Amino acid sequence: MAFQPIIDVAARSVFAYEALVRGPAGESAGSILETIGQSELYAFDQACRVTAIETAAALGLGDSSCDLSINFLPNAVYEPRACIRTTLQAAARTRFPTRKLIFEINEGELLSTPDHLADIVAEYAAMGFRTAIDDFGSGYSNLNLLAKFRPDLVKLDMELIRGIDSDKGRRSIVSHCAAMCREMGITVVAEGIETLGECSALNDLGITLMQGYLFAKPGFRSLPTPAWAI
């Protein structure tokens, strides 16, 4: 696992660390997933959750004010309450507070099994867990899905963020997305920030939760300290 901070530029603090799967030579999560067969998805998903919690606990994240965001595979969840048991056991064993857990769903996966995902999100919410839609606006956006799932957080895709300081179209889209989410009580996170201009433009739009190389690259088995751009 590698960890990348999501920072609050207004409070100058780390809001959460996202746990990212990495291969032994630093391979990306996508390249690792390509080697996982359908019959192995459940075991892989469970192992990732447990490893994320165990590593975060060992690094002291459980004793900090920061949350832990974990990506999960919806197709590996056959029944939400049954599939969360191993996660809860890992949290109990490491004394990691479950209230600090956030579960991220990639936006592209929302369209594959929407009813199943709606059940998962509803069950997680009933159990007190927060959920996030990752890569929102990456090309699969469906506002009906946003209304259907009502996540706690939406992470705007980096393609919407790239060059937003000099692109009126992107700025308008992000501004309206942020306003819509606020009206729905959904917290907005901008990801993929690489320049001070992008950071400043997002801050001007009232988006203060950000993630990207401008602040910190993912740290393998470590919790990087962000560089404060503004």
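Below is a summary of the structure that appears in this document. These numbers were taken from a predicted model, which means no experiment stands behind them. (Residues numbered from 1 in each chain as written. Predicted model: local features only at pLDDT ≥ 70, side-chain atom pairs only at ≥ 80, totals over all residues. Heavy atoms only, no water.)

Our focus in this paragraph is the packing of aromatic side chains. Counted by the stated rule, this structure contains five aromatic pairs. With centroids separated by 5.7 Å and ring planes inclined at 50°, the aromatic side chains of F72 and Y124 adopt a geometry described as tilted. Within this pair, whereas F72 is found in the loop between β3 (67-71) and α3 (80-83), its partner Y124 is found in helix α6 (residues 114-126), the two being separated by 52 residues in sequence. Across the pair, Y124 and F72 agree in class, each one buried. Geometrically, the ring pair formed by F103 and Y124 is tilted, given 5.0 Å between the ring centres and 50° between the ring planes. Of the two residues, F103 sits in strand β4 (residues 101-106) while Y124 sits in helix α6, which places them 21 residues apart along the sequence. (Phe/Tyr/Trp six-rings, centres within 6.5 Å; stacked < 30°, edge-to-face > 60°. Helix = DSSP H or I, 4+ residues; strand = E, 2+ residues; numbered from the N terminus. Buried < 20%, exposed > 50% of the residue type's maximum accessible area, 1.4 Å probe, protein only.)

Tracing the backbone through its elements, the reader meets D67 in strand β3. The buried category is assigned to D67, whose relative accessible area is 10%. Among the polar contacts made by the side chain of D67, one reaches the side chain of R130 at a distance of 3.0 Å. When neighbours within four sequence positions are excluded, D67 is seen to be in contact with F15, A16, Y17, L61, K100, I102 and R130. (Polar contact = N/O pair within 3.5 Å; in protein donor to acceptor, adjacent residues only side chain to side chain. Contact = heavy atoms within 4.5 Å.)

A separate point is helix α4 (residues 85-94). Within α4 the residues assigned to the buried category are T87, A90 and A91. Mapping the buried residues of α4 onto a view down its axis gives an arc of 100°, with all of them on the same face. Facing away from the buried surface of α4 by more than 90 degrees, the exposed residues are R85, A92 and R93. At its buried positions, α4 is contacted by α2 (41-58), α3 and β4. Backbone geometry just downstream of α4 places R95 in the positive-phi region, at approximately 60°. (Arc of directions from axis to C-beta.)

This brings us to the state of the cysteines. For the structure shown, the criterion picks out zero disulfides. Unpaired in terms of disulfides, C83 finds its nearest cysteine sulfur in C48, a separation of 14 Å. Residue classification places C83 among the buried residues on the basis of a relative accessible area of 1%. A disulfide-free cysteine, C181 has its sulfur positioned 6.4 Å from the sulfur of C177, the nearest such atom. Residue classification places C181 among the buried residues on the basis of a relative accessible area of 1%. (Disulfide = S-S within 2.5 Å.)

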